[in-house]
Amino acid sequence: MKQEQKPGGTYRYNRISFYLNGALQELDIAPGISTLDFVTKQLHLYGSKCSCNEGDCGACTVVIAECREGSTAYEAITSCIYPAAKLHGKHLITVEGLGTPEQLHPIQKALLDHHGTQCGYCTPGFVMSLFACLASVAHPDHESILAALEGNLCRCTGYQSILDAAAELSQEHDPSTIVPPWCREVEPKLFAFDQKPQEVEKPCASLFSIDNYLLPCDVDELKDMLVQHPEASLIAGGTDIMVQVNVLRKHFDTLIDLGNLPELRQIKMGRSGIHIGAGVSYSQIMDSGIAKCDLPELVKLCRLIASKQIRNFGTLAGNIGNASPVGDTLPLLLVYGARLLLSSQSSSRECALRDFFVGYRLTALQPGEFIHEIIIPIPPRTAFIKSLKSSKRKAEDISAVVSAIRIEEGGKAVLAFGGVAAQTVFSERFASGYSPEADWQVLAEQVAQEFTPLSDVRGCADYRKQMIINHILQYREAYHG
Amino acid sequence: MAKLPWHINGPLHVSGRSRFVGDEAPLSGMLYAKFFFSPVAHAKIIKLDLSAAQAFPGVYAVYGAQDVPGQNMIGHVMKDEPLFPIDEIMFHGQPLAMILAEDESIAEAAARLLILEYEELPPVFSIEEAERLQHWYIPERKIARGDVDEALNKARYTIHGQSSTGGQEHFYMESQRTRAIPCDHDLIHLLCATQSTMEVQEITAKVLGIAAHRVVVEVPRLGGAFGGKERSATIWAVMAALGAFLSGRPVQVLLTRDEDMRVTGKRHPFLSKWKIGFDEDGKIAAWDIELMCNGGAYVDLSIAILERAMFHAENCYHIPAVRIKGRACRTNLPPNTAFRGFGGPQGIFTIESALGQIARKLNKDPLEIRKLNCYRDGDITPYGQKISEASALDMLELVAQAADYQKLIHEVEGFNSSHEHHKQGLGIMPVKFGISFTTALMNQGSALIWVYIDGSVSVSTGGVEMGQELNLTESQLSPPTMKILNKIPSIK
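What counts and how
Residues numbered from 1 in each chain as written. Chains lettered and ligands numbered in written order. Predicted model: local features only at pLDDT ≥ 70, side-chain atom pairs only at ≥ 80, totals over all residues. Contact = placed C-beta atoms within 7 Å. Helix = DSSP H or I, 4+ residues; strand = E, 2+ residues; numbered from the N terminus. Nonpolar A, V, L, I, M, F, W, Y, C, P; charged D, E, K, R; others polar. Axes fitted to C-alpha atoms, helices over the stretch in contact; angles between N-to-C directions. Left-handed = near helix turned anticlockwise from the far one by under 90°. Domains from an automatic or database assignment. Core = buried A, V, L, I, M, F, W, Y, C linked by C-beta atoms within 7 Å. Buried ≥ 20, exposed ≤ 12 C-beta atoms within 10 Å, placed from the backbone. Pairing = 2+ DSSP bridges.

A. Spatial organisation of the interface of chain B and chain A. Each partner contributes residues to the interface: chain B has 37 residues there, and chain A has 39 residues. At the level of elements, α1 (10-14), α3 (104-111) and α8 (257-263) of chain B are the ones that each hand at least two residues to the side of chain B that touches chain A. Per element, the largest residue contribution to the side of chain B that touches chain A is five residues, and it comes from α1 of chain B. Looking at side-chain class alone, the side of chain B that touches chain A contains 16 nonpolar, 13 polar and eight charged residues.

B. View of the packing of helix α10 (residues 344-362) of chain B against helix α11 (residues 366-373) of chain B. All names here are of chain B. Here α10 crosses α11 at 115°, and the two axes come no closer than 8 Å. With respect to the hand of their crossing, α10 and α11 are arranged in right-handed fashion. Taken together, the residues of α11 that come into contact with α10 (itself represented by Leu355, Gly356, Ile358 and Ala359) are Pro366, Ile369 and Arg370. When grouped by side-chain class, the residues that make up the contact of α10 with α11 number five nonpolar, one polar and one charged.

C. Structural context of the domain arrangement of chain B. All names here are of chain B. Along its sequence, chain B is organised into domain 1 (27-121 + 171-263), domain 2 (127-168 + 267-387) and domain 3 (443-491). The centre of domain 1, based on its C-alpha atoms, is set 33 Å off from the matching centre of domain 3. Every contact between the two is made by eight residues of domain 1 and, on the other side, five residues of domain 3. Of the residues assigned to the side of domain 1 that touches domain 3, the class counts are four nonpolar, three polar and one charged.

D. Spotlight on the nonpolar core. Among the nonpolar cores identified, the biggest contains 267 residues, and Phe131 of chain A together with Ala33, Ala97, Ile99, Leu190, Ala240 and Ala241 of chain B are the most heavily contacted of them. Sort the elements by how many residues they give to this core and helix α7 (residues 234-247) of chain B lands first, with 10 residues. What Ala97 of chain B contacts, discounting residues up to four positions off in sequence, is Phe35, Phe36, Leu48, Leu50, Val62, Tyr63, Gly64, Phe84 and Leu114 of chain B.

E. Molecular detail of unusual backbone geometry. Residue and element names in this part refer to chain A. A positive phi angle, near 60°, is found at Asn53, a position not held by glycine. With respect to the secondary-structure elements, Asn53 resides in the loop between α1 (35-42) and β3 (61-68). In this structure Asn53 comes out as buried when scored by C-beta crowding, with 24 C-beta atoms within 10 Å. Phi is positive for Arg361, close to 55°, though the residue is something other than glycine. Positionally, Arg361 belongs in the loop between β14 (357-359) and β15 (362-363).

F. Main features of the pairing of strand β16 (residues 447-451) of chain B. All names here are of chain B. In the sheet, β16 pairs with strand β17 (residues 457-461) via five bridges, with the strands oriented antiparallel. Along β17, the bridge assignment pairs Ile449 with Val459. Linking β16 back to β17 in an antiparallel pair, the connection comprises five residues, with Gly455 at a positive phi of about 95°.

Here it is as structure tokens:
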């Protein structure tokens, strides 16, 4: 946090073009401000609500339509932690666009009919989450509806009336009646979109937490920007950086956004494994046929990360680059033997994930480098691979302890933990002590002694040690059936 | 059943058009308020240096206790809560000064520039510690009926126990907020997210040193409250009013979620110590209980909440000999406050946990124990009310039948015997809840109804719409003329 920051300076605004509720806009975005602040404070659209300002409650949910792999994806996002500059080239749909009090959208009408609104503060967010769900899938089942709404809190209704409305909508509608014509009209324009974002210097009386937000258009430009700003922080989805900005008021001189680059948003099958680009969201992984087929445990784990709205723009690369000791995917990626392709203007190198973490939130990433892609070797079908996450809530929560195990057919085994040390680590005790004849209970207690976890708000040291034991015993149960 | 009419506000809510305080266009010239919150739970203030914040570009003013024109007091039931503390900080997060600036980000940056010198005092956080120090707002309260000591002595069985319930955050989706607009002749118009318009008006007037009729309080609606805006909204409304009064400009106070969760009071944690006497069937003969609540730094509504817990300490059960004692403890937490049930759940929890223990002791189904002890017509409650039209027993039986309780019990037992790590539980309990305020004079209401020349009607009441469809209820209660006109009246 820079104490010397004074109001009255100039900032570099991002001049971007995007569609807002059907109409093309060219607007200047203050550096790094959230989509929620942008739509409320700058556009004076007050339907999207700020309640938690960290992506947990869903009152700010809006829908973004963008073209991806030949079709248009309609995805709900929590606008409070979605940088507005990312809207460039996309279609932003807010609750105001869907309907008016006189002419309600079918979703709005159904919520009204089923008394799915009481105080009304969370309601726009529910409308938009339902819109994304029903626009993407015809007749979603109960599980899909629950998944679509898990990131929306309501304190009044008890949810049943909202679920009743959703069930009726699912039965009586499909995307053809849910997606309004003005949304369909924008779709081809998104495919044809070729404008480049600009930067403009403007004075402003407010203070911003981010001085400079850079939007490269391709990987070459990204590399150039990193040469010019070697100390810049990289932002992919922004689901963690924006929380640091909103809640901790953390200051960033320069952020470079690599989340919008088409070449980083691909999942490919290569000779050395599955390549997941740095801009690939958790939702993309969950929808990927390649991942479902060869990395089913990763797909299962993604389902436990945050909420639908956050998985829609949070990335695997961000989870790695953030290097949190409780990063949800890190133990699993470790046991997969994942490697990273790290690129810069002058070089390109591969780094094993286990060598990437060098301390508490410290990585081997050099100035000027960025995570280009994650390469996961496809494990043999005979390998037993599983990951477990312990947190206070099933969804929308940070792990207290997260772990992953891999047992090869030959009897070799590895086990990795997050939340028990300053970084995600392998258990050496487990790797050396495991054999097909080993006593799991004894081994579990020995592994618990290997670590000295911290006590914090998510769990005390003793609780975390107990979780280590419990995870191992659960693996035993799953492995032996 | 006939289809219920829509929520009057429903079409606005679902289309994102309903208006909430603060989620609307800024007023021209409006100042934004942020606060310097105490970084310590209990301390003596030596010096609070405002100068760096005052000098920060874009800051209009920094206000503290010395700037209050009237009484620096927002306590209502008891006069124990200052707007800004003068000597003694009572909880972590207590606002010590208010910064007004041209922009929210500037006010926030300036708030970090205040320097507090203080001498830390020992803080008290738990009920046990407060009890040991006898930190009570008022002397012990007591409700008694019958000879409890004798009944306990004579009882076939007795159990001594201790129960506790924790705090709880309201998490109203809309955080605390008020907009204050200065008008002619010192009149202050407040657009306020409060459940208590009258209290805001009364206390604002006292703090500003003006007459109550100079304060207009308007509540468009609330984005949830759950008790958290009954008392807890007052301080923020008064802050906004003070800012507007002193600056002559509109002022907005709007807490972030983090500020709100850190500095506002929660549900009262309770601790209870009890003895219960009963016979071999599980019929309760005596109930001796001490209820203690953690009220936080100031009394707020703690006495009324404690009393309601005491009034609910026997729930729906007839007990011939009862002694209920209650003590509300002062601690160094944000002042705990009203929260759905207002002490009722905490009182009920204790007797229900005792009933569970009786069932285990006698190896009986807890539902049988509950049914056996339910109030019947003619029973007298601990506070002397004669029960008539007792329905708890019938309701329990109906619920058990409708839910196929015996079958469910069987299923749960089967699940538990076949699962080592996962267990299920099952229970049915009645809940008594006393309606109306315990301060009886507050059980009245009035409405102001205007019929305009064009035939349209407007209704003004002190009721606050927060999702309970109050506006719809009011329009249904309004005179037949409105039904004839078949129009939705304007409800204020």
